[in-house]
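# Descriptive structure summary
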Amino acid sequence: MAMDYDRNDALLHWLFRQTQGDAWFRPNEENISSGVALRVSDGTTAGTPEFRVFPYENANLEPFETAVAALNPVVAVKVRSAAVHAGLAEV
């Protein structure tokens with residue numbers, strides 16, 4: 001289903017750019033494992049919250065999308081970097 005670009009897309013792109021820099025525009029963009037998710041509906045009418053994830057249609061982000069749906073935050077950011085990995089290894 002094709003979607004029109006809307007304010008949610010603009011916010012997703014801005015969040016991604018602020019947290020990931022230009023990672024999406026690098027040569028092997030199909031292998032990106034970082035992303036952002038935004039809750040676009042709280043589920044009051046459909047029963048379950050709806051999220052939009054960017055980059056779109058990235059199979060590497062399916063586990064992230066599943067976890068976000070279970071946690072139900074307003075915004076979630078998945079960061080993949082050597083600095084974050086090293087910091088979490090110490091925890």
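No experiment lies behind these values; they were computed from the predicted model shown.

So, how was this worked out
- Residues numbered from 1 in each chain as written.
- Predicted model: local features only at pLDDT ≥ 70, side-chain atom pairs only at ≥ 80, totals over all residues.
- Heavy atoms only, no water.
- Helix = DSSP H or I, 4+ residues; strand = E, 2+ residues; numbered from the N terminus.
- Buried < 20%, exposed > 50% of the residue type's maximum accessible area, 1.4 Å probe, protein only.
- Areas by Shrake-Rupley, 256 points an atom, 1.4 Å probe, with all protein chains shown as cover.
- Contact = heavy atoms within 4.5 Å.
- Core = buried A, V, L, I, M, F, W, Y, C linked by side-chain atoms within 4.5 Å.
- Phe/Tyr/Trp six-rings, centres within 6.5 Å; stacked < 30°, edge-to-face > 60°.

## A short note on the overall build of the protein chain
Secondary structure summary: the protein chain contains three helices and three strands in total. Order of helices (α) and strands (β) in the protein chain, N terminus to C terminus: α-β-β-α-β-α. Taking all 91 residues of the protein chain together, 26% fall into the buried category. When the accessible area of the protein chain is evaluated, it comes to approximately 6500 Å², of which 55% is carbon and sulfur surface.

## Quick look at the side chain of Asp9
Here Asp9 lies in helix H1 (residues 7–20). For Asp9, a relative accessible area of 3% translates into the label buried. Setting aside anything within four residues of it in sequence, one finds Asp9 in contact with Asp4, Arg52 and Tyr56.

## Looking at the nonpolar core
In this structure, Ala37, Phe51, Val53, Leu61, Phe64, Val68 and Ala76 together form the largest nonpolar core, which totals seven residues. Discounting chain neighbours no more than four positions away, the residues touching Leu61 are Ser33, Ser34, Gly35, Val53, Phe54, Pro55 and Lys78. Among the nonpolar cores identified, the runner-up in size contains six residues, and Leu15, Phe16, Leu38 and Phe54 belong to it.

## Notes on the environment of Ala59
With respect to the secondary-structure elements, Ala59 resides in the loop between strand E2 (50–54) and helix H2 (62–71). Spatially, the C-alpha atoms of Ala59 and Ser33 are 9.0 Å apart, while their sequence positions differ by 26 residues.

## Considering the environment of Ala69
Along the chain, Ala69 falls in helix H2. Classification of Ala69 as partly exposed rests on a relative accessible area of 40%. Each C-alpha atom, one on Ala69 and one on Phe51, is 7.2 Å from the other, the two residues being 18 residues apart in sequence.

## Regarding the packing of aromatic side chains
Per the stated rule, a full pass over the model turns up two aromatic pairs. Summarising the aromatic geometry, the rings of Phe16 and Phe54 are spaced 5.2 Å apart at their centres and angled 80° between planes, so their arrangement reads as edge-to-face. You can see Phe16 sitting in helix H1 and its partner Phe54 sitting in strand E2, a full 38 residues away along the chain. Phe16 gets classed as buried once you look at its relative accessible area, which sits at 3%. On the numbers, 5.0 Å between centres and 80° between planes, the contact of Phe54 with Tyr56 is edge-to-face. The buried category is assigned to Phe54, whose relative accessible area is 4%. We classify Tyr56 as partly exposed; its relative accessible area is 33%. The rings of Phe16, Phe54 and Tyr56 are connected pair by pair, giving a single aromatic cluster.

Keep in mind that these numbers describe shape and distance, not what the molecule does.
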